[in-house]
Amino acid sequence: MDYKKAGVDIEAGYKSVELMKEHVKKTMRPEVLGGLGGFSGAFSLAKIKEMEEPVLLSGTDGCGTKVKLAMVLDKHDTIGIDAVAMCVNDIACAGGEPLFFLDYIACGKNYPEKIASIVKGVAEGCLQSEAALIGGETAEHPGLMAEDEYDLAGFAVGVCDKKDMITGENLKPGDVLIGMASSGVHSNGFSLVRKIFEMTRESLETYYEELGCTLGEALLAPTKIYVKALKRVKAAGVTIKACCHITGGGFYENIPRMLKDGVKAVVEKDSYPVPPLFRLMAEKGEVEEQMMYNTYNMGLGMIVAVDPADVDKTMEAMRDAGETPYVVGRIESGEKGVELC
């Protein structure tokens, strides 16, 4: 008996590392010390000394059951973007700059080419957020997971000068809410998605005229990463008063998280176009509107609050970063919460 007969292929692990190295190298920043393969990732904090009061920010997340779609379609090169996005967007909406990311892949069996494809997506997410991929782990779990199954998660660390943190404490009635368009469902609510649609290759490869693509292409569209857009807004001299990443729990759970006591967010539902995918999901699954807004981003992946005088500069900076912004509402006095109208 040996480890391979027990279900863990060490040689496959070595091959996975070799195949992923070319993708990892693309994400390197000057602060990264050493190379891939050490027991830990090393990152110099020398530049942080330039800040008055540096604060480290962290985020950890996964892709939820969206990985099931990747497995059904045998398409694994974008799911890693989702894993990175879920972490770095949380850091960015607190005012932080993501510094580095580490991934964790658990699989039933290590297929080196598949693992390398997953890591390729992780590296792409790191490039989009300008974070270094400084380490990770691929763990084979024979007997715990089926051979063709895997799960993906990770965490990111970022930094922010305390004076630049986005806290919501300076919000006031009259501030304007600007939302940036999402790329689709992103990485939340897929347990419901998998109840609405059949999770078969045939179903996912069905072309929908209203989507302009197959169902699988629409659902697997990687989560938008808003790091560069928020950096552009800051570089334009705009102070973002509050910021919200619309993830699990949709509008009703996430928007209140960016508010202080005594103010509420009012979002106008017709102020931006809700993507056809969400209308299709509501219709096919007979999902009530309130539940849709309580589960999904409904076309807005990130919402910021700014002073009315900064609206034009904010939207211009977002467009310059390749995003599509909309004025979607306002801050009013009232009990902390969100009102959709």
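A quick note: this is a predicted structure, and the numbers were derived from the prediction, not measured.

Participant: Mind showing me how you'd approach the overall build of the protein here?
Facilitator: For the protein, the helix and strand inventory stands at 12 helices and 14 strands. Radius of gyration (C-alpha) of the protein: 21 Å, near the 20 Å computed for a compact globule of 341 residues. The C-alpha extent of the protein, read off along each of the three principal axes, is 70 × 55 × 30 Å. Counting contacts in the protein only where the partners sit at least 6 residues apart, residues at least 24 apart contribute 85% of the total.

Participant: Is there a simple way to explain the pairing of strand β10 (residues 242-245) in this structure?
Facilitator: Of the two faces of β10, the one lined by Ala242 and Cys244 and the one lined by Cys243 and His245 are each fully buried. Where β10 lies against strand β12 (residues 300-306), 4 bridges are found, and the strand directions are antiparallel. For Cys243, the partnering residue across the bridge sits in β12 and is Val304.

Participant: Is there a simple way to explain the sheet that holds strand β3 (residues 54-62) in this structure?
Facilitator: Read across the open sheet, the 4 strands follow the order β3-β6-β4-β5; overall the sheet is mixed. Bordering the open sheet on either side are β3 and β5 (132-140), each of which pairs with just one other strand. Pairs of neighbouring strands in the sheet enclose a mean axial angle of 15°, with direction left out of account. Judged from the 9 bridges that link them, β3 and strand β6 (residues 150-161) form a sheet pairing that is antiparallel.

Participant: Is there a simple way to think about unusual backbone geometry in this case?
Facilitator: Most peptide bonds take the trans form, and the phi angle of most residues other than glycine is negative. Unusually for a residue other than glycine, His186 sits at a positive phi of about 65°. Mapped onto the fold, His186 is located in the loop between β7 (176-181) and α5 (190-196). Looking at His186, the relative accessible area reads 1%, which means it is buried. Positive phi, normally seen in glycine, also occurs at Glu286, with a value near 50°.

Participant: So what exactly am I meant to see when it comes to the pairing of strand β13 (residues 325-333) here?
Facilitator: Taken residue by residue, a regular strand's side chains alternate between the two faces of the sheet. Relative to β13, β7 runs antiparallel, the two sharing 5 bridges. Across the sheet, residue Met180 finds its bridge partner in β13, namely Pro325. In this sheet, β13 lies alongside strand β11 (residues 263-267) in antiparallel orientation, the contact comprising 5 bridges. Counterpart to Val263 in the pairing with β13 is Ser333.

Participant: Where do I start with the nonpolar core in this structure?
Facilitator: Across soluble globular proteins, nonpolar side chains have a tendency to be buried as a group. Membership of the largest hydrophobic core comes to 97 residues, with the highest contact counts inside it found for Phe197, Leu219, Phe251, Ile255 and Met281. The leading source of residues in this core is helix α3 (residues 79-92), at 9 residues. Setting aside its immediate chain neighbours within four residues, Leu219 contacts Lys66, Leu69, Val185, Phe190, Val193, Phe197, Leu204 and Leu277. Membership of the second largest hydrophobic core comes to 10 residues, among which are Val32, Leu102, Ile134 and Val157.

Rules used in this analysis
Residue positions are given per chain, counting from 1 as you read along its sequence in written order. Residues qualify for local features only when their pLDDT is at least 70, as the model is predicted, and side-chain atom pairs are given and counted only at 80 or more; totals for whole chains, interfaces and linings, by contrast, use all residues. Hydrogen atoms and water are omitted, and side-chain values are computed over all heavy atoms in the structure. Numbering of helices and strands runs from the N terminus; a helix is a DSSP stretch of H or I covering at least four residues, while a strand is a stretch of E covering at least two. Values of the radius of gyration come from C-alpha atoms, whereas the globule rule sets the reference at 2.2 Å times the count of residues to the power 0.38. Contacts are assigned to residue pairs with any non-hydrogen atoms lying within 4.5 Å of each other. Under the scheme applied here, a residue whose accessible area is under 20% of the maximum for its type counts as buried, over 50% as exposed, and between as partly exposed, the area being computed with a 1.4 Å probe on protein chains only. Paired strands are those between which DSSP finds at least two bridges. Every axis in this analysis is a line fitted to C-alpha atoms, fitted for helices over the stretch in contact. Angles between the N-to-C directions lie between 0 and 180 degrees. By convention a nonpolar core is built from buried Ala, Val, Leu, Ile, Met, Phe, Trp, Tyr and Cys residues, the set being connected through side-chain atoms within 4.5 Å.

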